[in-house]
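Summary of structural features
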Amino acid sequence: MARITLDNLAHSYLPNPKGEEDFALKQLDHVWNDGEAYALLGASGCGKSTLLNIISGLLVPSRGRVLFGDRDVTRADTVERNIAQVFQFPVVYDTMTVGDNLAFPLRNRGMDAGFVAAQVQKIARMIGMEDVLHRKARGLTADAKQKISLGRGMVREDVNAILFDEPLTVIDPHMKWELRTQLKALHNEFGHTMIYVTHDQTEALTFADKVVVMHDGRVVQLGTPEDLFDTPEHTFVGYFIGSPGMNLLDAEVSGHMAHVAGHAVALGGSYKALTGRVQIGVRPEFVTLAEGDEGLPVTIRRIEDVGRHQILRADFAGTPINAILPEGARVPAGANRLKFQPERINVYADDWRVAPLRSVATPQKEAV
Ligand code: ADP
Ligand code: MG
């Protein structure tokens with residue numbers, strides 16, 4: 001197993017890239033710690049597969065280096081890197097049985113027959129295919145074939161890393177949760193470095209200890225699910241993670257106050273003078289109804305009951321604001337103001353989070 005370092009990496013599919021927009025992957029420096037389970041999360045087309053294929057060796061980057069431990073493997077092929085990769089769509093040998101498909105990566109490396117048989121049994125159990133080990137893969141559903149692909153990715157214990165590129169796309173929704181749990185169990189048992197690509201935040205947040213969020217060819221944040229929720233470092237993370245995502249409002253910020261279309265909003269910290277497009281961001285979980293002349297005047301559009309809670313959809317001077325209200329909470333007729341928990345507001349300048357100078361929310365730190 002190995003720590004994987006991406007050093008000054010960038011990739012363009014064009015032969016003569018000019019500006020930044022020609023790069024599918026913009027300048028990237030990143031270390032994947034040995035033995036950690038990562039999710040690589042981002043919208044379609046943001047560069048996730050490009051990055052994964054550079055790590056596995058299917059693609060040579062236009063710039064920069066890939067290191068496994070201290071070894072430069074930028075130009076080494078996949079076999080040499082000793083990596084298992086599972087793709088979005090099944091890659092199986094139709095003429096082989098399910099069992100032989102699972103055994104293939106082990107036999108290919110000359111593993112002992114007893115070990116191969118035991119490993120195949122174990123993996124077959126994990127993917128729920130013990131009963132069809134002797135069947136030919138031909139004629140199985142796409143879903144079943146994808147489970148074989150997943151099994152093949154997991155069957156070797158001696159790999160440097162296992163890379164998954166949206167592996168559950170064709171899997172039945174009921175089975176997704178089950179397989180993700182199995183992947184986690186496998187990670188806990190063997191401690192392989194795992195990188196799991198997905199565009200689905202639920203998958204990312206339930207699979208990984210650390211989530212790497214990509215946007216437009218860049219890594220915009222690496223953090224725990226809590227980090228991504230509490231302090232999104234980029235507006236994209238705020239908006240992409242959460243259901244609904246973070247509310248964002250153009251603002252002027254001065255000291256510990258923001259002004260939004262002339263209305264004052266108290267912040268949880270104090271900020272230096274900011275330039276560029278300044279916004280405040282607050283998650284719907286921290287927006288509540290206000291009375292009197294508190295908060296911002298809004299027009300309430302509708303309230304959606306989603307079971308565990310309600311989502312209130314409002315409009316403030318043409319900008320949508322969502323609030324999450326407890327299940328069963330009543331919205332009084334004529335309610336028309338929303339307020340934000342000051343210590344839960346993040347401030348952004350040109351989409352990047354600005355840290356407060358001094359947090360009112362943690363006064364104990366000042367006393368030290
Ligand atoms: P993701 O996996 O996040 O959906 P990709 O890494 O597949 O994103 O793609 C990133 C960008 O690179 C996209 O704009 C895509 O169109 C482009 N791209 C991907 N593969 C190729 C290729 N083989 N040739 C040219 N452009 C590509
Ligand atoms: Mg992809």
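Our subject is the structure that appears above.
So, here is what we can say about the structure in this document. Worth saying up front: this structure is predicted, and the values here are computed from it rather than measured. (Residues numbered from 1 in each chain as written. Chains lettered and ligands numbered in written order. Predicted model: local features only at pLDDT ≥ 70, side-chain atom pairs only at ≥ 80, totals over all residues. Heavy atoms only, no water.)

**Structural notes on the nonpolar core**
Core analysis: the largest hydrophobic core is formed by 47 residues, its most contacted members being Leu102, Ile148, Phe164, Val211 and Val213. Considering every element that reaches this core, the biggest residue donor is helix α4 (residues 113–126), with 5 residues. In this structure, Leu102 is in contact with Val120, Ile123, Ala124, Ile127, Leu133, Ile148, Gly151, Arg152 and Val155, ignoring residues within four places of it in sequence. Core analysis: the next-biggest nonpolar cluster, separate from the first, contains 28 residues, Ala258, Val265, Ala314 and Val354 among them. (Core = buried A, V, L, I, M, F, W, Y, C linked by side-chain atoms within 4.5 Å. Buried < 20%, exposed > 50% of the residue type's maximum accessible area, 1.4 Å probe, protein only. Helix = DSSP H or I, 4+ residues; strand = E, 2+ residues; numbered from the N terminus. Contact = heavy atoms within 4.5 Å.)

**Concerning the environment of Leu41**
Position of Leu41 among the secondary structure elements: in strand β3 (residues 37–41). Classification of Leu41 by relative accessible area gives buried; the value is 0%. Separated by 158 residues in sequence, Leu41 and His199 have C-alpha atoms that sit 5.3 Å apart. What Leu41 contacts, discounting residues up to four positions off in sequence, is Lys48, Thr198, His199, Asp200, Gln201, Ala204, Val211, Val212, Val213, Met214, Phe240 and Ile241.

**Comments concerning the sheet that holds strand β20 (residues 337–340)**
The strand order across the open sheet built from 3 strands is β15-β20-β16, with neighbouring strands paired in antiparallel fashion. Strands at the two margins of the open sheet, each flanked by one partner only, are β15 (287–289) and β16 (296–297). Bridge analysis of β16 against β20 gives 2 bridges, and the strand direction is antiparallel. Bridging from a neighbouring strand, Leu296 pairs with Leu338 of β20. (Pairing = 2+ DSSP bridges.)

**Observations regarding the pairing of strand β11 (residues 247–250)**
Of the two faces of β11, the one holding Asn247 and Leu249 is buried and the one holding Leu248 and Asp250 is not buried anywhere. Direction of pairing for β11 relative to strand β14 (residues 278–282): antiparallel, over a ladder of 4 bridges. Bridge assignment links Asp250 to a residue of β14, and that residue is Gln279.

**Some details on the site of ligand 1**
The environment of ligand 1 is made up of Tyr13, Ala24, Ala43, Ser44, Gly45, Cys46, Gly47, Lys48, Ser49 and Thr50. Residue Cys46 places a main-chain N or O atom 3.2 Å away from an oxygen atom belonging to ligand 1. Compared with its free state, where it exposes 560 Å², ligand 1 has 53% of that area covered by protein. Residues that form the shell around ligand 1 fall into these classes: 4 nonpolar, 5 polar and 1 charged. (Near = heavy atom within 4 Å. Polar contact = N/O pair within 3.5 Å; in protein donor to acceptor, adjacent residues only side chain to side chain. Areas by Shrake-Rupley, 256 points an atom, 1.4 Å probe, with all protein chains shown as cover. Nonpolar A, V, L, I, M, F, W, Y, C, P; charged D, E, K, R; others polar.)

**Quick word on the pattern of salt bridges**
Pairing between side chains of opposite charge can happen when their charged atoms approach one another. All told, the structure shown has 18 salt bridges when counted by the stated rule. A salt bridge links Glu80 to Arg71; its shortest N-O distance comes to 2.9 Å. Classification of Arg71 by relative accessible area gives partly exposed; the value is 44%. When salt bridges that share partners are traced, they join Arg302, Glu304 and Arg313 into one network. (Salt bridge = Lys/Arg side-chain N within 4 Å of Asp/Glu carboxyl O.)

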